[in-house]
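Below are the chains, spelled out letter by letter.
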Amino acid sequence: MKGKLMVMLLLVTALSVGCSNENANNEVQPSPTPQETVDIKELVNDYTVRNAVAASASITSSELIVTDDDKNVTKYDLPEDEFFVSIAPFVNTTHPCDVHSLTGCQGELVEEDFDVHIEDSEGNVILDEVKTTETNGFIDLWLPRDDTFTVTIKQDTKETVSEITTFDGDNTCITTMRLE
């Protein structure tokens, strides 16, 4: 009889623990959204162009972090082989920035065209085209991870050249490229 009672007690305990959806602080955690169903590049673009709204959305070297108005945080992993970087070329006004805020950063030159040329550490041309800054004054780029790039941005007679890197922990917000 004691054996059956012990088995029943263990079974009830296992079921109650296994069905719990609460953490140690008794905060109910939402079920995670499957990453496969989210097009991360499209989601990042939606926050940039304001098609998606959040209290804040920022992007580190490894994840997109979205906070809603109720302070709920959702994190999305970035692609393993691509690195997001956002560049705000400027003439007069800039701001210090390391981690790009898709909902907060504002660059000086809004919806303007620039010739953008990017080469990797071996001299291979990664990008050579006209890019237009978004309404936030930034040019969003997805570059290969784990490399060093020379970025040249031109507009009319003004030019800026900078070296950027795409390693884990590197900046995703570049606001130091002054056109002169």
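Keep in mind that what you see is a predicted model, and the values were worked out from it rather than measured.

Observations concerning the overall build of the protein chain
Counting its regular elements, the protein chain contains 2 helices and 11 strands. When its helices and strands are written in sequence order, the protein chain yields α-α-β-β-β-β-β-β-β-β-β-β-β. Put simply, the protein chain has 180 residues, and 36% of those count as buried. Intrachain contacts of the protein chain at a sequence separation of at least 6 include 57% that bridge at least 24 residues. Surface summary for the protein chain: the accessible area is close to 11,100 Å², and the carbon and sulfur share equals 49%.

Structural notes on the state of the cysteines
Counted according to the given criterion, the structure contains 1 disulfide. Each disulfide pairs two cysteine sulfurs, and for Cys 97 the partner residue is Cys 173, the sulfurs being separated by 2.4 Å. On the sign convention where negative is left-handed, the bridge of Cys 97 and Cys 173, at about 110° about the S-S bond, is right-handed. Of this pair, Cys 97 sits in the loop between strand E4 (82-87) and strand E5 (100-101) while Cys 173 sits in strand E11 (residues 173-174); the two residues are 76 residues apart in sequence, bridging distant segments of the chain. Judged by relative accessible area, which is 15%, Cys 97 ranks as buried.

A closer look at the pairing of strand E7 (residues 125-132)
Bridging between strand E6 (residues 113-119) and E7 involves 7 bridges; their strand directions are antiparallel. Residue pairing across strands places Val 116 opposite Glu 129, the latter belonging to E7.

Quick look at the side chain of Arg 145
Secondary-structure assignment places Arg 145 in the loop between strand E8 (139-144) and strand E9 (148-155). Within the structure, the side chain of Arg 145 is placed 3.0 Å from the backbone oxygen of Pro 79, a separation counted as a polar contact. Within polar-contact distance, the side chain of Arg 145 engages the backbone oxygen of Glu 80 at 3.4 Å. Setting aside its immediate chain neighbours within four residues, Arg 145 contacts Ser 61, Ser 62, Leu 78, Pro 79, Glu 80, Asp 81, Glu 82, Phe 83 and Thr 166.

Some thoughts on the sheet that holds E4
Read across the open sheet, the 3 strands follow the order E8-E4-E11; overall the sheet is mixed. The open sheet has two edge strands with one neighbour each: E8 and E11. In this sheet, E11 lies alongside E4 in parallel orientation, the contact comprising 2 bridges. Note that in E11 the partner of Ser 86 across the bridge is Cys 173.

Side note on the pattern of salt bridges
Taken as a whole and assessed by the stated rule, the structure comprises 3 salt bridges. A salt bridge links Lys 131 to Glu 129, with the nearest nitrogen and oxygen atoms 3.6 Å apart. Note on Glu 129: relative accessible area 38%, which makes it partly exposed.

Observations concerning the sheet that holds strand E1 (residues 56-59)
In spatial order, the strands read E3-E2-E1-E5; together these 4 strands make up an open sheet with antiparallel pairing. Edge positions in the sheet fall to strand E3 (73-77) and E5, since each of these pairs with one other strand and no more. Sheet topology note: the E1/strand E2 (residues 63-67) ladder contains 4 bridges and is antiparallel. When the sheet's bridge partners are listed, Ala 57 is paired in E2 with Val 66. Along the sheet face, helix H2 (residues 40-48) touches E1, E2 and E3 and points at about 45° away from the line of E2.

Cut-offs used in this document
Residues numbered from 1 in each chain as written. Predicted model: local features only at pLDDT ≥ 70, side-chain atom pairs only at ≥ 80, totals over all residues. Heavy atoms only, no water. Helix = DSSP H or I, 4+ residues; strand = E, 2+ residues; numbered from the N terminus. Buried < 20%, exposed > 50% of the residue type's maximum accessible area, 1.4 Å probe, protein only. Contact = heavy atoms within 4.5 Å. Areas by Shrake-Rupley, 256 points an atom, 1.4 Å probe, with all protein chains shown as cover. Disulfide = S-S within 2.5 Å. Pairing = 2+ DSSP bridges. Polar contact = N/O pair within 3.5 Å; in protein donor to acceptor, adjacent residues only side chain to side chain. Salt bridge = Lys/Arg side-chain N within 4 Å of Asp/Glu carboxyl O. Axes fitted to C-alpha atoms, helices over the stretch in contact; angles between N-to-C directions.

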